[in-house]
Number of protein chains: 2
Amino acid sequence: MHCAPAYSRPVDHIGGGEWAAIERIRALLPSPPANEIWIGDDAAAVAPPPAGPLLLAADLVVEGVHVDLALVGLDDLGWKAISVNVSDMAAMGGRPLHALVCVAGPPETDLGLLYTGIAAACQEYRCAVVGGDLSNAERLTVAVAVTGECPGGRPVLRSGARPGDYLVVTGGLGRSAAGLAALLHAATADGADGATGGAAAVAAGAEANIDAHRRPRARVSEGMVAAATGATAMIDVSDGMAMDVRHLAEASGVGVDLSTVPLDPFGSVTEEQALFGGEDYELLFATPDVDAVLDAFATEGLRAPIVIGRCTADPAQRRLRGGPLPEGGWEHRWAPAPR
Amino acid sequence: MHCAPAYSRPVDHIGGGEWAAIERIRALLPSPPANEIWIGDDAAAVAPPPAGPLLLAADLVVEGVHVDLALVGLDDLGWKAISVNVSDMAAMGGRPLHALVCVAGPPETDLGLLYTGIAAACQEYRCAVVGGDLSNAERLTVAVAVTGECPGGRPVLRSGARPGDYLVVTGGLGRSAAGLAALLHAATADGADGATGGAAAVAAGAEANIDAHRRPRARVSEGMVAAATGATAMIDVSDGMAMDVRHLAEASGVGVDLSTVPLDPFGSVTEEQALFGGEDYELLFATPDVDAVLDAFATEGLRAPIVIGRCTADPAQRRLRGGPLPEGGWEHRWAPAPR
């Protein structure tokens with residue numbers, strides 16, 4: 001973990017000194033194998049993928065923009081920063097190998113709590129944290145970059161769907177948005193009655209939705225099986241189904257005719273949450289052979305994916321149950337920017 | 001360039017829409033070869049290094065912490081964000097391959113100007129920008145991650161120096177700190193006399209120092225030649241010579257006996273600036289065979305490196321010209337954090 005070059009070096013004060021902070025972080029993370037260099041030198045040196053392309057992606061998580069720390073923990077933010085990047089690997093049919101984690105935040109930031117979530121996610125996804133950087137900043141920003149490999153040899157792009165392909169999602173949608181709604185409801189109830197605990201104000205049954213919001217799961221195995229069974233295009237549902245279907249269709253130059261919105265069956269979610277909420281991190285993919293997909297998911301012990309419609313030849317067509325696919329997405333809740 | 005998942009999506013407003021911003025950014029950057037995927041899908045897919053390890057590093061540049069935008073331009077900030085990462089590759093004896101650029105900033109941020117500097121640096125270092133992310137944030141933060149390769153097959157770590165090795169730097173130091181001092185002086189003069197232009201207030205001859213501060217150069221060729229001639233340890237001088245000599249000596253478990261502080265001969269710099277200023281991005285390395293180093297640098301047409309001393313067997317020894325090597329570094333100028 002290289003120190004950012006600086007005439008100012010306020011990171012000396014994060015957690016009692018940058019070097020002390022790095023040592024605490026290292027203690028929370030696995031150590032490298034003997035033939036690799038991870039945290040502590042100018043750069044990490046690792047084994048590249050044994051075959052096929054190297055996948056690379058990077059995503060930011062900004063406090064107050066992507067995460068409200070009044071509603072979720074610093075450890076959840078750390079988990080999410082890893083998961084959203086791993087989801088990008090999954091959406092190519094790949095799996096993650098290495099993560100670089102850059103943290104800019106106020107000196108009082110609890111790096112131990114943040115990295116507990118980062119370490120848990122990296123353990124879940126078998127992804128090594130091999131480097132990064134620390135800096136002071138007024139608000140917390142976590143920028144993660146990940147490498148990955150394609151076991152299938154070729155990445156699945158957004159742009160390969162063809163007319164006639166089935167559109168499939170790896171699971172029901174809307175749970176993260178429903179979890180956020182429950183957290184916001186509880187926070188409002190707390191505000192109206194100071195004696196009411198947030199946990200008590202959470203509606204019965206909402207805990208699983210809140211967990212889906214706090215700790216989204218990237219669908220790595222599902223993405224690899226989709227790729228292996230001939231998925232022609234794939235994307236992760238981070239912006240809501242209505243938006244991500246459009247992204248895939250536009251990149252592929254196809255129309256879409258959808259028969260259903262796959263609500264999470266256990267989540268008490270609304271169609272609006274599934275269409276526009278986003279952050280479910282299920283995968284949406286196109287395939288010509290849906291039977292092969294269903295068989296392979298069953299063989300691998302994965303949840304049955306859900307067919308939501310077909311791709312069509314008219315690139316202007318966006319249909320849902322015979323009507324127009326609604327437009328829109330996400331809630332502009334924090335820090336709306338001036339137009 | 002994947003959109004960060006968000007229930008809030010203020011990046012829609014950066015530069016008139018995130019997708020429009022990404023298209024403008026793509027127009028400033030080279031396009032991928034036919035067999036690679038760069039900006040625009042969930043992840044990039046690129047060729048891994050043909051042999052040897054994959055190098056990985058990431059560094060943050062934060063407005064108000066690492067860069068004062070009252071003194072240097074947004075394009076300079078972009079250049080620096082790339083250069084500091086490339087310098088990490090150089091300090092391993094490697095060269096950069098790919099960059100991922102994450103930008104969090106206010107909606108009015110001039111992404112075109114920022115990416116002009118990023119593109120110029122990437123052209124200089126032959127490094128491809130293959131992805132990244134955009135988000136709103138109150139203050140500008142640029143987090144860059146880079147991949148690289150080791151033409152020599154093995155990275156040069158900080159930890160390999162042995163007693164008796166010579167310590168060598170690739171060029172005179174202090175110029176960046178002198179440039180910053182000139183910029184601060186000019187800004188103060190402006191403040192004292194509103195009619196005085198900043199450029200007019202810059203002392204004659206300071207322009208080259210200011211350029212060294214605004215556009216630091218990573219020493220990629222020098223690092224590869226040092227590695228090829230048997231450098232046992234290497235680090236880039238980002239924190240000032242006094243600090244970075246300590247980093248190398250501590251990692252290697254050796255003492256140091258220094259005979260000189262290599263002031264930039266053309267820069268009108270002070271010894272304090274060379275010892276403590278940092279941000280020169282020259283390379284400091286240890287080698288048992290200094291004649292081979294000097295010959296190889298001459299053969300490659302590189303500036304002659306400067307021998308500053310030797311490594312010794314006493315790991316507690318830190319000597320300069322027979323006295324103790326002074327401690328300290330960098331100026332705490334912006335945003336000092338509360339203790």
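Residues numbered from 1 in each chain as written. Chains lettered and ligands numbered in written order. Predicted model: local features only at pLDDT ≥ 70, side-chain atom pairs only at ≥ 80, totals over all residues. Heavy atoms only, no water.

Along chain A, the regular secondary structure elements total ten helices and twelve strands. Counting all 339 residues of chain A, 63% fall into the buried class. Taking as baseline every contact in chain A between residues at least 6 positions apart, the subset at least 24 positions apart corresponds to 85%. Put simply, chain A shows about 11,900 Å² of open surface, and 53% of that area lies on carbon and sulfur atoms. (Helix = DSSP H or I, 4+ residues; strand = E, 2+ residues; numbered from the N terminus. Buried < 20%, exposed > 50% of the residue type's maximum accessible area, 1.4 Å probe, protein only. Contact = heavy atoms within 4.5 Å. Areas by Shrake-Rupley, 256 points an atom, 1.4 Å probe, with all protein chains shown as cover.)

This brings us to the pairing of strand β7 (residues 233–236) of chain B. All names here are of chain B. Side chains of β7 alternate between two faces, with A233 and I235 and M234 and D236 buried alike. Alignment of β7 against strand β9 (residues 283–287), held across four bridges, turns out to be antiparallel. Bridge pairing in β9 links I235 to L284. (Pairing = 2+ DSSP bridges.)

The subject of this paragraph is unusual backbone geometry. Within the chain, A:R126 stands out as a residue other than glycine whose phi angle is a positive 50°. Inspection of the secondary structure assignment puts A:R126 in the loop between α3 (111–125) and β4 (128–136). Here B:R321, not a glycine, exhibits a phi torsion of approximately 45°, which is positive. Take B:R321: it is sitting in the loop between β11 (318–320) and β12 (323–324).

This part is about the environment of A:V142. Residues and elements named next belong to chain A. Tracing the chain through its elements places V142 in strand β5 (residues 141–149). Residue classification places V142 among the buried residues on the basis of a relative accessible area of 0%. Between the alpha carbons of V142 and I82 there is a distance of 9.6 Å; along the sequence they are 60 residues apart. If sequence neighbours within four positions are ignored, V142 has contacts with D59, L60, V61, L77, A81, V101, C102, V103 and L114.

Moving on, we get to the side chain of A:D76. Residue and element names in this part refer to chain A. Inspection of the secondary structure puts D76 in helix α2 (residues 74–90). A relative accessible area of 3% means that D76 is categorised as buried. Excluding its chain neighbours within four sequence positions, the residues that come into contact with D76 are R214 and R215.

Bringing helix α3 (residues 111–125) of chain B into the picture now. Residue and element names in this part refer to chain B. In this model, α3 (15 residues) spans 21 Å end to end at C-alpha, consistent with the 21 Å of a helix rising 1.5 Å per residue. Burial in α3 covers these residues: L111, L114, Y115, G117, I118, A119, A121, C122 and Y125. Where α3 starts, the residue carrying a side-chain oxygen 3.1 Å from the main-chain nitrogen of G112 turns out to be D110. Phi for R126, located one or two positions after α3, is positive at around 55°. (Expected span 1.5 Å × (residues − 1). Polar contact = N/O pair within 3.5 Å; in protein donor to acceptor, adjacent residues only side chain to side chain.)

Right, let's get into the sheet that holds strand β1 (residues 44–46) of chain B. Taking strand neighbours across the sheet as the criterion, the five strands line up as β4(A)-β3(A)-β5(A)-β2(A)-β1(B) in an open arrangement whose pairing is mixed. Unpaired on one side and paired on the other, β4 of chain A together with β1 of chain B mark the two borders of the sheet. Ignoring strand direction, the axes of neighbouring strands in this sheet form an average angle of 20°. Note: strand β3 (residues 95–105) of chain A against β5(A), nine bridges, orientation antiparallel. (Axes fitted to C-alpha atoms, helices over the stretch in contact; angles between N-to-C directions.)

All names here are of chain B. Across the interface, helix α2 (residues 74–90) lies against α3 with an axial gap of 6 Å and an inter-helix angle of 35°. Seen along the crossing, α2 lies across α3 with a hand that is right-handed. Where α2 abuts α3, its residues L74, D75, L77, G78, W79, I82, S83 and V86 lie against L113, L114, G117, I118, A120, A121, C122, E124 and Y125. For the contact of α2 with α3, the class distribution of residues is twelve nonpolar, three polar and two charged. (Left-handed = near helix turned anticlockwise from the far one by under 90°. Nonpolar A, V, L, I, M, F, W, Y, C, P; charged D, E, K, R; others polar.)

Burial of strand β2 (residues 54–62) of chain A is extensive: nine of the nine residues sit out of reach of the surface. Of the two faces of β2(A), the one holding A:L54, A:L56, A:A58, A:L60 and A:V62 and the one holding A:L55, A:A57, A:D59 and A:V61 are both buried throughout.

Structurally, A:R246 can be placed in helix α8 (residues 241–252). Every residue in contact with A:R246, bar those within four places of it in the chain, is listed here: A:R318, A:L325, A:P326 and A:E327.

Take the pattern of salt bridges next. Counted according to the given criterion, the structure contains 30 salt bridges over all chains. With its nearest N and O atoms 3.7 Å apart, the salt bridge here joins B:R139 to B:E63. Of the two residues, B:R139 sits in the loop between β4 (128–136) and β5 (141–149) while B:E63 sits in the loop between β2 (54–62) and α2, which places them 76 residues apart along the sequence. Overall, B:R139 belongs to the partly exposed group, its relative accessible area being 31%. Within this structure, A:D75, A:D76, A:D211, A:R214 and A:R215 form a network of salt bridges that share partners. (Salt bridge = Lys/Arg side-chain N within 4 Å of Asp/Glu carboxyl O.)

Turning our attention to the sheet that holds β2(B). Read across the sheet, five strands follow the order β1(A)-β2(B)-β5(B)-β3(B)-β4(B) without closing on themselves; strand pairing throughout is mixed. Both outer strands of the open sheet, β1 (44–46) of chain A together with β4 of chain B, are each paired with one neighbouring strand and no more. Taking the axes of each pair of neighbouring strands and ignoring which way they run, one obtains an average angle of 20° across the sheet. Sheet contacts for α3(B): β3 (95–105), β4 and β5 of chain B; angle to β3(B), the most-contacted strand, approximately 170°.

This brings us to the environment of A:V144. All names here are of chain A. As for its placement among the helices and strands, V144 is situated in strand β5. Spatially, the C-alpha atoms of V144 and V103 are 8.6 Å apart, while their sequence positions differ by 41 residues. Leaving out residues up to four positions away in the same chain, V144 has contacts with A57, A58, D59, A81, I82, N85, A99, L100 and V101.

Since there are 3.6 residues in each turn of an α-helix, residues three or four apart along the chain are aligned in direction. The complete set of buried residues in helix α7 (residues 220–228) of chain B reads B:V220, B:E222, B:G223, B:V225 and B:A226. The first or second residue beyond α7(B) is B:G230, which carries a positive phi of 90°.

Residue and element names in this part refer to chain A. This structure, assessed with the given rule, holds four aromatic pairs over all chains. Ring plane angle 50° and centroid distance 6.1 Å describe the contact between W79 and Y125, whose orientation is recorded as tilted. Pair noted here: W79 is in helix α2 and Y125 is in helix α3, with a separation of 46 residues, a long-range link. Here the basic side chain of R310 rests over the ring of Y166, its NZ or CZ set 3.9 Å away from the ring centre. (Phe/Tyr/Trp six-rings, centres within 6.5 Å; stacked < 30°, edge-to-face > 60°. Lys NZ or Arg CZ within 6 Å of the ring centre and 35° of its normal.)

Before going further, it helps to examine the state of the cysteines. Per the stated rule, a full pass over the model turns up zero disulfides over all chains. The thiol of A:C102 is unpaired, and the distance to the nearest cysteine sulfur, on B:C102, comes to 8.3 Å. Among the cysteines around B:C122, which has no disulfide bond, B:C127 carries the closest sulfur, lying 4.6 Å off. According to the relative accessible area criterion, B:C122 is buried, its value standing at 6%. (Disulfide = S-S within 2.5 Å.)

It should be kept in mind that the predicted coordinates are not to be read in detail where pLDDT is low. Chain-level pLDDT for chain A is 89 on average; 87% of the residues reach the 70-or-more range. Low pLDDT, under 50, characterises residues 194–198 of chain A; the stretch is placed with six contacts to residues that sit more than four places away or in other chains. (pLDDT = per-residue confidence, 0-100.)

Let's shift gears to the environment of B:L294. For B:L294, the position within the fold is in helix α10 (residues 290–299). As a C-alpha pair, B:L294 and B:P305 span eleven residues in sequence and 6.9 Å in three-dimensional space.

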